[in-house]
Amino acid sequence: MSSVPEAKAQLRLEMKARRAAVPEVVRRAAGQAAAAALFSPKTLDLLSRFRCFASYLNVGPEFPTDEIHYALFCAGATLCVPRFSTTQNGYVWAALRPGEPLIRGPKGIPEPASRGMFPVAEVDVVIVPGLAFDVCGGRLGYGAGVYDRLLTRLRPGTLRVALAFDCQVQKAPLPQEPHDLPMDYIVTESHWIDCRLARRSGRERHV
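Predicted model, so just to flag it, every value in this text is computed and none were measured.

Calculation notes
Residues numbered from 1 in each chain as written. Predicted model: local features only at pLDDT ≥ 70, side-chain atom pairs only at ≥ 80, totals over all residues. Heavy atoms only, no water. Phe/Tyr/Trp six-rings, centres within 6.5 Å; stacked < 30°, edge-to-face > 60°. Buried < 20%, exposed > 50% of the residue type's maximum accessible area, 1.4 Å probe, protein only. Core = buried A, V, L, I, M, F, W, Y, C linked by side-chain atoms within 4.5 Å. Helix = DSSP H or I, 4+ residues; strand = E, 2+ residues; numbered from the N terminus. Contact = heavy atoms within 4.5 Å. Expected span 1.5 Å × (residues − 1). Pairing = 2+ DSSP bridges. Axes fitted to C-alpha atoms, helices over the stretch in contact; angles between N-to-C directions.

### Brief notes about the packing of aromatic side chains
Following the criterion strictly, the structure yields 5 aromatic pairs and no others. Relative to Tyr91, the ring of Phe84 has its centre 5.3 Å away and its plane inclined at 80 degrees; by these criteria the two rings are edge-to-face. Tyr91 sits in the buried class, given a relative accessible area of 9%.

Rendered as structure tokens:
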């Protein structure tokens, strides 16, 4: 039987291929659909409840965040994203402002040009990327633990919302380790999932 790290490594290869196969037209539409789901009174409507968000600047085949960030800026919300800190020798949260220049970080990921760290105790909602998710909120990351460490720096109770294409979400539980943090919601191009409700339902079925 393979270990959890080995199972994760095998699944990463499959999910990278699935995500890469998503057509560009679907990616663009997915960003618009996710923004509508996150901020619409008919669905999550996070802007009616929260004002400070953490997110990410998408690269390559990642789920796009441009439409989400635009909606946040239009609403006057506060936003922060990961930035590589040479003094910390790792990623920290940094403020992202409308129209601010971006630079390429040491790993090729775009980040704010301005230095400094964001007061993470103010963050209400974090928008999370990943390679795969299960309906109970299990997440498969990229393997380096970058986002896991960023999530642990946010205050307890910060709402965790994952973005994923439909092909990245499965019903079967993903292999998880003790440090893996579950998502509260998953938003895709076609629907959103309340993972907290799914976890409660699962526990009730096993009582």
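### Considering the nonpolar core
In a soluble, globular protein the nonpolar side chains are often hidden away together inside. Counting residues in hydrophobic clusters, the biggest one holds 52 residues, and the most contacted among them are Leu38, Leu46, Phe53, Ile68 and Trp93. Here this core gets 6 residues from one element, more than from any other, and that element is helix H2 (residues 24-39). Contact partners of Phe53, with chain neighbours within four places excluded, come to Phe39, Leu46, Leu47, Leu72, Ala77, Thr78, Leu79, Cys80, Val123 and Val125. Counting 6 residues, the second-largest nonpolar core is a separate cluster that includes Leu11, Met15, Leu131 and Leu174.

### Considering helix H1 (residues 4-20)
With 17 residues, H1 extends 24 Å between its outermost C-alpha atoms, agreeing within 8% with the 24 Å of an ideal straight helix rising 1.5 Å per residue. Turning to H1, its buried residues are Lys8, Leu11, Arg12, Met15 and Arg19. Looking at the packing, one finds that the buried side of H1 touches H2, strand S7 (132-134) and strand S8 (139-140).

### Some remarks on the sheet that holds strand S9 (residues 159-163)
Strand order in the open sheet formed by 7 strands is S3-S2-S1-S6-S9-S11-S12, and the pairing between neighbours is mixed. Strand pairing shows two members of the sheet lacking a second neighbour, strand S3 (90-95) and strand S12 (192-194), which therefore form its edges. Looking at each pair of strands side by side, their axes are set apart by 25 degrees on average, direction ignored. Sheet topology note: the S9/strand S11 (residues 185-187) ladder contains 3 bridges and is parallel.

### Structural notes on the pairing of strand S6 (residues 125-128)
Residues Val125 and Ile127 line one face of S6 and the alternating positions Val126 and Val128 line the opposite face, and both faces are buried. With 2 bridges joining them, strand S1 (residues 52-54) and S6 adopt parallel strand pairing. Paired with Ala54 across the two strands is Val126, which belongs to S6. Note: S6 against S9, 4 bridges, orientation parallel. Paired with Ile127 across the strands is Val161, a residue of S9.

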